[in-house]
Amino acid sequence: MRFARLFGMTRTGSDPQRPFGRLLTAMITPFGADGSLDVEGAQRLATHLVDSQEHDGLVISGTTGESPTTSDAEKDTLLRAVVEAVGDRACVVAGVGTNNTNHSVELARAAEKAGADGVLVVTPYYNKPPQEGLVRHFTAVAEATGLPAMLYDIPGRSGVALATETIVRLAEHPRIVAMKDAKGDLAETAWVTKRSDLAYYSGDDMLTLPLLSVGAVGVVGVPTHLFGPPTKRMIEAFERGDVTEALRLHHELLPAYCGFFRTQGAILTKAALNLAGLPAGPMRPPLLDATAAEVARLREDCAEAGYTLGSAEQMAHIHTQG
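This section reports on the structure supplied with the text. This one's a predicted model, so the numbers in the text were calculated from it and none came from an experiment. (Residues numbered from 1 in each chain as written. Predicted model: local features only at pLDDT ≥ 70, side-chain atom pairs only at ≥ 80, totals over all residues. Heavy atoms only, no water.)

**Quick notes on the side chain of T164**
- Within the secondary structure layout, T164 lies in helix α7 (residues 164-170).
- Overall, the relative accessible area of 12% leaves T164 in the buried class.
- A distance of 2.3 Å separates a polar atom in the side chain of T164 from a polar atom in the side chain of E188.
- Filtering out sequence-adjacent residues up to four positions away, T164 remains in contact with E188, W191, V192 and R195. (Helix = DSSP H or I, 4+ residues; strand = E, 2+ residues; numbered from the N terminus. Buried < 20%, exposed > 50% of the residue type's maximum accessible area, 1.4 Å probe, protein only. Polar contact = N/O pair within 3.5 Å; in protein donor to acceptor, adjacent residues only side chain to side chain. Contact = heavy atoms within 4.5 Å.)

Here you go:
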């Protein structure tokens, strides 16, 4: 039923070219002061992103959600909580990608049981499989459930890129419907959008506008935790042919695009949300909380992009209160 809703009866629209809508965020995972999962905070943040930040969908337990340091049980609890909070009005996509095919299959099946609308499957990292191994990996995950799958191509983290021929081949699978593209190769992306019906989503906020020009349909963002509405307006402006307005908004958002990634994206996103008074909490090791200098620069970047964050003293108070 949830699969059918995405293809024609979706909460985010009836356009099959945008199976997950236009604007999604790879949501952080809120933790309490003791590092435990903050389930209530996750529900509040998800509600804020959908109702105030105009999101069509959320990706849960991606890298920005610190998935390497959350257990399978925590992933399941988090997903169920977010589905309960916003599942009636936004797509909820579960990150299930690992470098172990059998484990990814298990996570995909658990996500389907928990009520996810789709799965995000990253290229297996570190072990660097050959292209045929990638085909078999993604196919196994896609065939494990009835959910639509979004592939995630990010060679800077995974160590191996999906070749164009591999992507075109995978796009023939009926449940592989989308790509989160963080490869940074516009020419290769253009060849895929020319040769397949795969829905492309930018996985690099800085490249959202350029990717739209070669066939992308939206973004799975990170600064969109706080900059959802202008990002959505940029996409909509481009779609209606107002490239001048889309470029103006892109330029307006550039400081945020840079600011959130001056160090690891989840670190500064949590710092920004803590300053904004939204649920976030601390990082789990081996990641560390943002330094005072990093927070100060982040405040400057956000201010240049039109968003005033609170003070470092406020963030310290938020950490103290948990």
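Here the narrative resumes, following the displayed structure.
**Observations concerning helix α4 (residues 101-114)**
- Here α4 contains 14 residues, and its C-alpha end-to-end distance of 20 Å stays within 8% of the 20 Å for a straight helix at 1.5 Å per residue.
- Listing the buried residues of α4 in full gives S104, V105, L107, A108, A111 and A114.
- Where α4 is buried, its residues meet α3 (72-86), β3 (91-95), β4 (118-122) and α5 (131-142).
- In this structure N100 caps α4, since a side-chain oxygen of it lies 3.0 Å from the backbone nitrogen of N102.
- Looking one or two residues past α4, G115 carries a phi angle of roughly 105°, positive in sign. (Expected span 1.5 Å × (residues − 1).)

**Topic: the packing of aromatic side chains**
- In total, this model carries three aromatic pairs according to the counting rule given.
- Here the aromatic rings of F227 and F260 are separated by 6.3 Å at their centres, their planes lie at 85°, and the arrangement is edge-to-face. You can see F227 sitting in the loop between β8 (218-221) and α10 (228-239) and its partner F260 sitting in the loop between α11 (243-259) and α12 (265-275), a full 33 residues away along the chain.
- F227 gets classed as buried once you look at its relative accessible area, which sits at 4%.
- A relative accessible area of 0% means that F260 is categorised as buried.
- Of the aromatic side chains, those joined through ring pairs into one cluster are F227, F260 and Y307.
- A cation over a ring is seen here: K180 above Y152, with NZ or CZ 4.1 Å from the ring centre. (Phe/Tyr/Trp six-rings, centres within 6.5 Å; stacked < 30°, edge-to-face > 60°. Lys NZ or Arg CZ within 6 Å of the ring centre and 35° of its normal.)

**Details of the sheet that holds strand β6 (residues 176-181)**
- Strand order in the closed barrel formed by eight strands is β1-β2-β3-β4-β5-β6-β7-β8, and the pairing between neighbours is parallel. Along the sheet, successive strands turn relative to each other by an average axial angle of 25°, direction set aside.
- Pairing between strand β1 (residues 23-26) and strand β2 (residues 57-60): three bridges, direction parallel. Its bridge partner being in β2, L24 is matched across the sheet by G57. (Pairing = 2+ DSSP bridges. Axes fitted to C-alpha atoms, helices over the stretch in contact; angles between N-to-C directions.)

**Notes on the packing of helix α2 (residues 39-51) against α3**
- Close contact between α2 and α3 brings their axes to 9 Å; oriented N to C, the two are set at 45°. On the basis of their axis angle, the class for α2 and α3 is oblique. Helix-helix and strand crossings are classified by hand; for α2 and α3 the assignment is right-handed. Counting all contacts with α2, which are made through V39, A42, Q43, A46, T47 and V50, the residues of α3 involved are T77, L78, A81, V82, E84, A85 and V86. (Parallel < 35°, antiparallel > 145°, perpendicular 65-115°, else oblique. Left-handed = near helix turned anticlockwise from the far one by under 90°.)

**Details of the pattern of salt bridges**
- Evaluation of the coordinates by the stated rule reveals 19 salt bridges.
- One salt bridge in this structure joins E239 and R22, with 2.6 Å as the shortest N-O distance. Highlighted residues: E239 in helix α10 and R22 in the loop between α1 (2-6) and β1, separated in sequence by 217 residues.
- When its relative accessible area of 30% is taken as the criterion, E239 is described as partly exposed.
- Accessibility expressed as a relative area gives 26% for R22, which makes it partly exposed. (Salt bridge = Lys/Arg side-chain N within 4 Å of Asp/Glu carboxyl O.)

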